Amino acid sequence: MNETDAYTFIDTKESWATIYGMLRHLGVAAFDPDYEDYAQEAWLIFYQWLQEPAAAELAPEALRGIAYTRMYRRTLNQLRRNHRHRDMREDDEALAQTPMTANEEFELAWFTRLAFDKLTDRQRVILHWLVDHGDTQTAVADKLGVSRRTVSREIKIVRQQLLRDRIIERPLEA
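Keep in mind that what you see is a predicted model, and the values were worked out from it rather than measured. (Residues numbered from 1 in each chain as written. Predicted model: local features only at pLDDT ≥ 70, side-chain atom pairs only at ≥ 80, totals over all residues. Heavy atoms only, no water.)

Our focus in this paragraph is the pattern of salt bridges. Going through the model one piece at a time under the given rule, you end up with six salt bridges. Of the charged contacts in the structure, one is a salt bridge between Arg124 and Asp121, with a shortest N-O distance of 3.0 Å. Of this pair, Arg124 and Asp121 both sit in helix α6 (residues 121-132), three residues apart, which is roughly one turn of the helix. Glu154 is paired through a salt bridge with Arg122; the nearest N and O atoms lie 3.8 Å apart. Separated by 32 residues along the polypeptide, Glu154 in helix α8 (residues 148-164) and Arg122 in helix α6 bring together distant segments of the chain. You can call Glu154 buried: its relative accessible area is 10%. (Salt bridge = Lys/Arg side-chain N within 4 Å of Asp/Glu carboxyl O. Helix = DSSP H or I, 4+ residues; strand = E, 2+ residues; numbered from the N terminus. Buried < 20%, exposed > 50% of the residue type's maximum accessible area, 1.4 Å probe, protein only.)

Shown next, in the form of structure tokens:
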């Protein structure tokens, strides 16, 4: 099917009903913030299917049936991926809001005084806000204009340096 015919085929009530019916079947509601993104992605999947040579020989209902299956599978995978990422972000945020333990504060403060010259400027600033001011990783990230993951990564690097340089014997306890 050529591009114009494919677009015309998708831009019918039946084809749009196929797209929105698939989203409804997956439980994606119209008030979902990503609803239109999912609909757009489904539209593109439908369009790509109509461009394949095998689509030229099928009846309209068969075209919509195969498109439905393809859209369903791809959207389901996308929903699962987004759900996993959302769960990870929520776990990261909960962890980031947890203040450092007294053990962590002491050992990081000790390290900054012993090996201050080995730290990068960013690590020094991060440790200053974490240790001297008792800020959370999220608060430090906001102050520095970086992501919370960047702050977490810098802390991890400092901890690895602590172990490698044998300034501490074991990883810091949570």
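The subject of this paragraph is helix α3 (residues 35-51). The terminal C-alpha atoms of α3, which comprises 17 residues, lie 25 Å apart, in line with the 24 Å expected from a rise of 1.5 Å per residue. Taken as a whole, α3 has its buried residues at Tyr35, Tyr38, Ala39, Ala42, Trp43, Ile45, Phe46, Tyr47, Trp49 and Leu50. (Expected span 1.5 Å × (residues − 1).)

So, on to the nonpolar core. With 22 residues, the main nonpolar core has Ile10, Ile19, Leu23, Phe46, Leu50 and Met71 as its most contacted residues. Of all elements in the fold, only α1 (3-10), α2 (13-25), α3 and α4 (60-96) reach the threshold of two or more residues within this core. In terms of residue count, α3 provides more of this core than any other element does, ten residues in total. Every residue in contact with Leu50, bar those within four places of it in the chain, is listed here: Met1, Ala6, Phe9, Ile10, Ala55 and Leu63. Counting six residues, the second-largest nonpolar core is a separate cluster that includes Ile126, Val140, Ala141 and Val151. (Core = buried A, V, L, I, M, F, W, Y, C linked by side-chain atoms within 4.5 Å. Contact = heavy atoms within 4.5 Å.)

Structurally, Val151 is set in helix α8. Since its relative accessible area comes to 0%, Val151 is described here as buried. Sequence spacing of Val151 and Thr138 is 13 residues, and the spatial spacing of their C-alpha atoms is 8.1 Å. Setting aside its immediate chain neighbours within four residues, Val151 contacts Ile126, Gln137, Val140, Ala141 and Val146.

As a further point, take α6. Here α6 spans 16 Å end to end across twelve residues, near enough to the 16 Å set by a 1.5 Å rise per residue. All of the buried residues in α6 are Gln123, Ile126, Leu127, Leu130 and Val131. An end-on view of α6 places all buried positions within 110 degrees of arc, on one side of the element. (Arc of directions from axis to C-beta.)

Attention shifts here to the packing of aromatic side chains. Throughout the structure, instances matching the rule amount to six aromatic pairs. A centroid spacing of 5.8 Å and a plane angle of 65 degrees characterise the contact between Tyr7 and Trp43, whose relative ring orientation is edge-to-face. One end of the pair, Tyr7, is in helix α1; the other, Trp43, is in helix α3, with 36 residues separating them in the sequence. For Tyr7, a relative accessible area of 45% gives the class partly exposed. Taking the relative accessible area as the measure of exposure, Trp43 reaches 14% and is therefore buried. (Phe/Tyr/Trp six-rings, centres within 6.5 Å; stacked < 30°, edge-to-face > 60°.)

Let's shift gears to the confidence of the model for the chain. The predicted model of the chain averages 78 in pLDDT, with 74% of residues at 70 or higher. Mean pLDDT values for the elements of the chain range from 59 in helix α5 (residues 102-114) up to 90 in α2. (pLDDT = per-residue confidence, 0-100.)

Looking now at the environment of Arg74. With respect to the helices, strands and loops of the structure, Arg74 is situated in helix α4. On the accessibility criterion, Arg74 (41% relative accessible area) is partly exposed. Measuring from C-alpha to C-alpha, the distance between Arg74 and Ile45 comes to 8.3 Å, with 29 residues separating the pair along the chain. Not counting the four nearest positions on each side in its chain, Arg74 is found in contact with Glu41, Ile45 and Gln48.

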